[in-house]
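Understanding the architecture of this molecule
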Amino acid sequence: MKCLPTQKNFFNFTRKTFAAAFVFSALLSTFTFFSCASSAHKKLHPVYITDKKCIELLPPSSCSLSKECAQEFSGDFDGKSFSMMAYLKLDKKEISVCLLSTFGVDIGFLSYDGKSVKFESHFFPDSFKAEYIVADFQNAYYDFDVLKENYSAAGLSFAETKTSDSITRTIHDGKNLIEEIEIKLKKKKISRIKIRNHLRNYTYIITEVEP
């Protein structure tokens, strides 16, 4: 698969995460009631930020950042918790995410090239639309100005505040706070992202694993 890490980064990734293997295996078993979602959309679905207002995904060419990194990916959706490892590849051509066990076994895959979203995972139901995950990755990693313009076109506001070691982004529908994206920086690089959607009742925490 295209998103698989380079050999050097993969060995660094597995070395740092091997100790969590038994915890991960226990968490993995909690998701066995989900059927396997596998989809490739020729036509991209719009992402409904509210029940009435939606955005279109930005093309990968809108991203000025290029990176490839291992991540610890955890969260909570409507009271159901999950935790896994991931490997992200992000550039002007695509967003791709491999979901991995701590032994390096591929357990899921998502890719977006601007034309379609391909998604395979045992962790989500068939009805799940992967465009929503792509949108959240864009909210965290894409440039503020292009995101603000995209949300403004949908009648929503996208704001950003910065400190020396953090960036906070918010999505509002009028006075209603829809989503918060908290980005922690270490040596001016992203180290941790927390995405909390108040309307849809979910939280992601993405921690980048240092090589």
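Just so it is clear, the structure is predicted and the values come from calculations on it, not from any experiment.

1. As for the overall build of the protein
Tallying secondary structure elements over the protein gives 4 helices and 13 strands in all. Looking at the protein residue by residue over its 211 residues, the buried ones come to 45%. Here the contacts in the protein between residues at least 6 apart in sequence split such that 54% fall between residues at least 24 apart. Total accessible area on the protein is roughly 11400 Å²; 54% of this is exposed by carbon and sulfur atoms.

2. A word on the pairing of strand β6 (residues 95–100)
When a strand is regular, its side chains alternate between the sheet's two faces. A large share of β6 lies buried, amounting to 6 of its 6 residues. Residues Ile-95, Val-97 and Leu-99 point to one face of β6 and Ser-96, Cys-98 and Leu-100 to the other, with burial holding for every one of them. As defined by bridge partners, strand β5 (residues 80–90) adjoins β6 across 6 bridges and the pair is classed as antiparallel. Following the sheet pairing, Met-85 is matched in β6 by Leu-100. A loop of 4 residues connects β5 with β6, the two strands running antiparallel in sequence. Inspection of the sheet shows β6 paired to strand β7 (residues 106–112) by 6 bridges, in the antiparallel sense.

3. A short note on the pairing of β7
With 6 of 7 residues buried, β7 lies mostly within the body of the structure. Strand direction decides the pairing type here: β7 and strand β8 (residues 117–121), joined by 5 bridges, are antiparallel. From the neighbouring strand, Tyr-112 faces β8, where its bridge partner is Val-117. Linking β7 back to β8 in an antiparallel pair, the connection comprises 4 residues, with Gly-114 at a positive phi of about 95°.

4. Thoughts on the packing of aromatic side chains
The final tally for this structure, using the stated rule, is 9 aromatic pairs. With a centroid separation of 6.4 Å and 70° between ring planes, the pair formed by Phe-82 and Tyr-204 is classed as edge-to-face. Note that Phe-82 is positioned in strand β5 and Tyr-204 in strand β13 (residues 202–209), a separation of 122 residues in sequence. Taken as a pair, Phe-82 and Tyr-204 share a single burial class, namely buried. Between Phe-137 and Tyr-141, the ring centres sit 6.2 Å apart and the planes meet at 10°, which makes this aromatic pair stacked. Here Phe-137 pairs with Tyr-141, and both are found in helix α3 (residues 131–141), just 4 residues apart, close to one helical turn. Each member of the pair, Phe-137 as well as Tyr-141, carries the same accessibility label: buried. Pairwise contacts between aromatic rings join Phe-73, Phe-77, Phe-82, Phe-137, Tyr-141, Tyr-202 and Tyr-204 into one cluster.

5. Side note on the pattern of salt bridges
Evaluation of the coordinates by the stated rule reveals 6 salt bridges. Across the pair Lys-89 and Glu-94 runs a salt bridge, and its minimum N-O distance is 3.9 Å. Note that Glu-160 is salt-bridged to Arg-169, the shortest N-O span being 2.7 Å. Relative accessible area serves as the criterion here: at 24%, Glu-160 is assigned to the partly exposed category. The exposure class assigned to Arg-169 is buried, which follows from its relative accessible area of 6%. Shared partners join several salt bridges into a network, and the residues in it are Glu-160, Lys-162 and Arg-169.

6. Points about the confidence of the model for the protein
Here the protein averages 81 in pLDDT, and 76% of its residues register 70 or above. Of the regions scoring below 50 in pLDDT, residues 7–41 engages in 68 contacts with residues more than four places distant in sequence or in other chains.

7. A look at the nonpolar core
Counting 47 residues, the largest nonpolar core has Ile-49, Leu-88, Tyr-141, Tyr-142, Tyr-151 and Ile-193 as the members making the most contacts within it. Here the element with the most residues in this core is α3; it accounts for 6 residues. Dropping the residues within four chain positions of it, Leu-88 is found in contact with Lys-67, Glu-68, Cys-69, Gln-71, Ile-95, Ser-96, Val-97, Phe-137 and Tyr-141. Core analysis: the next-biggest nonpolar cluster, separate from the first, contains 7 residues, Met-85, Cys-98, Phe-109 and Val-209 among them.

Cut-off values and rules
Residues numbered from 1 in each chain as written. Predicted model: local features only at pLDDT ≥ 70, side-chain atom pairs only at ≥ 80, totals over all residues. Heavy atoms only, no water. Helix = DSSP H or I, 4+ residues; strand = E, 2+ residues; numbered from the N terminus. Buried < 20%, exposed > 50% of the residue type's maximum accessible area, 1.4 Å probe, protein only. Contact = heavy atoms within 4.5 Å. Areas by Shrake-Rupley, 256 points an atom, 1.4 Å probe, with all protein chains shown as cover. Pairing = 2+ DSSP bridges. Phe/Tyr/Trp six-rings, centres within 6.5 Å; stacked < 30°, edge-to-face > 60°. Salt bridge = Lys/Arg side-chain N within 4 Å of Asp/Glu carboxyl O. pLDDT = per-residue confidence, 0-100. Core = buried A, V, L, I, M, F, W, Y, C linked by side-chain atoms within 4.5 Å.

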